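# Geometric and topological summary
What follows is the residue order along each chain.
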Amino acid sequence: MGIDYKVNEAVSAEQFQSLLKRSTLGERRPVEDISCLKGMLENSNLILSAWDQDELVGISRSVTDYHFAAIYPIWLLIESISVKVLESNYR
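Residues numbered from 1 in each chain as written. Predicted model: local features only at pLDDT ≥ 70, side-chain atom pairs only at ≥ 80, totals over all residues. Heavy atoms only, no water.

## Comments concerning the overall build of the chain
Counting its secondary structure elements, the chain contains 3 helices and 5 strands. Counting across all 91 residues of the chain, residues that qualify as buried make up 36%. Considering only intrachain contacts with a sequence separation of at least 6, the fraction spanning at least 24 residues in the chain is 51%. As presented, the chain carries roughly 6,000 Å² of accessible surface, and 53% of it is formed by carbon and sulfur atoms. (Helix = DSSP H or I, 4+ residues; strand = E, 2+ residues; numbered from the N terminus. Buried < 20%, exposed > 50% of the residue type's maximum accessible area, 1.4 Å probe, protein only. Contact = heavy atoms within 4.5 Å. Areas by Shrake-Rupley, 256 points an atom, 1.4 Å probe, with all protein chains shown as cover.)

So this is what it looks like as structure tokens:
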């Protein structure tokens, strides 16, 4: 199966935590502070997520003023999925 991309799909703090821990960003994020991770998700204006069936494999969050600027800090995609996505998009 392919990767499904979703807009504003519910992502739990635990799913976000698991994704962070499987990436290098986990070293620079408060992965053990579930309430902080929950706040990061709840206060995002837009969440784009990538799913391999029921597993969260990628996420991008934005914050915006709804008038002029939106900030997308990073698109986080675990390495094994990055390879799968690149291979499927560039064949």
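## Some details on helix α1 (residues 13-21)
Side chains that are three or four residues apart share a direction in an α-helix, a result of its 3.6 residues per turn. Considered for burial, the residues of α1 that qualify are Ala-13, Phe-16, Gln-17, Leu-19 and Leu-20. The buried residues of α1 occupy an angular sector of 165 degrees when projected down its axis, which confines them to one face. (Arc of directions from axis to C-beta.)

## Observations concerning the pairing of strand β2 (residues 46-52)
With 5 of 7 residues buried, β2 lies mostly within the body of the structure. In the sheet, strand β1 (residues 4-7) pairs with β2 via 4 bridges, with the strands oriented antiparallel. Considered in β2, the bridge of Asp-4 is made with Trp-51. Looking at chain direction, β2 and strand β3 (residues 55-64) are connected through 7 bridges and run antiparallel. Its bridge partner lying in β3, Leu-46 is registered against Ser-62. Where β2 hands over to β3, the hairpin turn is made up of 2 residues, of which Gln-53 adopts a positive phi near 60 degrees. (Pairing = 2+ DSSP bridges.)

## Comments concerning the nonpolar core
Within the largest apolar cluster, 19 residues are counted, with the highest numbers of intra-cluster contacts made by Val-11, Phe-16, Leu-20, Leu-37, Leu-41 and Ile-59. Setting aside residues no more than four positions away along its own chain, Val-11 makes contact with Phe-16, Leu-41, Ser-49, Trp-51, Leu-56 and Ile-59. (Core = buried A, V, L, I, M, F, W, Y, C linked by side-chain atoms within 4.5 Å.)

## Let's talk about unusual backbone geometry
Of note in the backbone geometry, Gln-53 takes a positive phi value of approximately 60 degrees without being a glycine. In this structure, Gln-53 sits in the loop between β2 and β3.

## Quick notes on helix α2 (residues 34-42)
Within α2, burial applies to Leu-37, Met-40 and Leu-41. For α2, the angular spread of buried residues about the axis comes to 95 degrees, placing them on one side. The exposed residues of α2 that point more than 90 degrees off its buried face are Ser-35 and Glu-42.

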